[in-house]
Amino acid sequence: GNSVTQMEGPVTLSEEAFLTINCTYTATGYPSLFWYVQYPGEGLQLLLKATKADDKGSNKGFEATYRKETTSFHLEKGSVQVSDSAVYFCALRDTGTASKLTFGTGTRLQVTL
Amino acid sequence: NAGVMQNPRHLVRRRGQEARLRCSPMKGHSHVYWYRQLPEEGLKFMVYLQKENIIDESGMPKERFSAEFPKEGPSILRIQQVVRGDSAAYFCASSPLSGASTDTQYFGPGTRLTVL
């Protein structure tokens with residue numbers, strides 16, 4: 001079956017540091033890949049997505065590139081802010097018509113001054 | 001355009017009671033998904049519905065849990081005879097039937113169920 005593996009957290013960084021959160025996946029076919037962010041006490045917000053190999057999703061300074069050869073979708077940001085503190089979830093969706101998302105376990109990011 | 005609405009936001013039940021969670025999808029969306037998030041864990045898929053149809057319920061526990069999405073009104077996730085292990089955050093998501101964003105699910109704020 002499908003699965004998503006994320007690096008374990010928490011990840012603690014100083015403001016303006018570089019961020020990488022690793023995500024690898026196992027899936028049949030060619031899934032779409034997503035990063036969602038969850039702020040404390042809130043629901044998930046879509047951060048970015050990529051639907052085919054070599055696509056790069058980007059939003060709010062975050063980027064992730066769909067790497068089919070390494071089955072990865074690592075999240076990066078060049079300079080994190082305190083407001084980026086949240087839990088980040090990598091997810092995939094099977095090809096075909098609308099269907100369920102498979103999530104990783106989430107990575108908590110804490111950014112300090 | 002209002003987002004996905006869920007209510008109640010917080011629900012407290014005693015063991016053995018019933019819990020009803022409601023979800024109104026975004027306007028124009030006809031697909032609804034329910035996910036459960038246990039403390040400190042990721043989201044697990046429960047069920048996928050379209051209007052009056054259950055498309056995929058492979059993540060639903062076999063006992064006590066049911067879901068519906070009637071022709072009129074919100075989608076309902078119903079948990080009968082709740083137990084402490086049902087305490088979790090339940091998230092609803094919706095996606096459109098057609099268009100460029102059919103693969104993107106938009107999430108509601110969740111219902112946090114506490115079973116005493």
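Before reading further, recall that the structure is shown in the block above.
Quantities reported herein were computed from a predicted structural model and do not represent experimental measurements.

Cut-offs and rules
- Residues numbered from 1 in each chain as written.
- Chains lettered and ligands numbered in written order.
- Predicted model: local features only at pLDDT ≥ 70, side-chain atom pairs only at ≥ 80, totals over all residues.
- Heavy atoms only, no water.
- Disulfide = S-S within 2.5 Å.
- Helix = DSSP H or I, 4+ residues; strand = E, 2+ residues; numbered from the N terminus.
- Contact = heavy atoms within 4.5 Å.
- Buried area = accessible area lost by both parts, 1.4 Å probe.
- Polar contact = N/O pair within 3.5 Å; in protein donor to acceptor, adjacent residues only side chain to side chain.
- Nonpolar A, V, L, I, M, F, W, Y, C, P; charged D, E, K, R; others polar.
- Salt bridge = Lys/Arg side-chain N within 4 Å of Asp/Glu carboxyl O.
- Buried < 20%, exposed > 50% of the residue type's maximum accessible area, 1.4 Å probe, protein only.

(A) View of the state of the cysteines. Residue and element names in this part refer to chain A. For the coordinates displayed, the defined rule picks out two disulfides over all chains. Across a sulfur-sulfur distance of 1.9 Å, Cys23 and Cys90 are joined as a disulfide pair. Here the disulfide of Cys23 and Cys90 is left-handed, its torsion about the S-S bond being about -70 degrees. One end of the pair, Cys23, is in strand β4 (residues 23-26); the other, Cys90, is in strand β10 (residues 86-93), and 67 residues separate them in sequence.

(B) A look at the interface of chain A and chain B. With 21 residues of chain A in contact, the opposing surface of chain B contributes 25 residues. Roughly 1,600 Å² of surface becomes buried between chain A and chain B when both sides are summed, with 51% attributable to carbon and sulfur atoms. At the junction of chain A with chain B, the criterion picks out five residue pairs in polar contact (both at pLDDT 80 or more). Elements with a contribution of two residues or more to the side of chain A that touches chain B: β5 (32-38), β6 (44-50), β10 and β11 (101-103) of chain A. Considering each element in turn, the side of chain A that touches chain B owes the most residues, four residues, to β5 of chain A. Split into classes, the residues belonging to the side of chain A that touches chain B amount to eight nonpolar, eight polar and five charged.

(C) Local environment of the pattern of salt bridges. Using the criterion set out here, one finds six salt bridges over all chains in the structure. Among the salt bridges present, the one from Lys77 of chain A reaches Asp84 of chain A, with a minimum N-O distance of 2.8 Å. Judged by its relative accessible area of 10%, Lys77 of chain A is buried. The class for Asp84 of chain A is buried, based on a relative accessible area of 7%. Asp86 of chain B serves as the salt-bridge partner of Arg64 of chain B, at 2.7 Å between the closest nitrogen and oxygen. Residue Arg64 of chain B is found in the loop between β6 (53-56) and β7 (65-68), and its partner Asp86 of chain B is found in the loop between β8 (75-79) and β9 (88-96); the two are separated by 22 residues along the sequence. Residue classification places Arg64 of chain B among the partly exposed positions, given a relative accessible area of 25%. Look at the salt bridges and you will find they share partners, linking Glu18, Arg20 and Arg78 of chain B into a network.

Distances and angles like these do not, on their own, reveal function.
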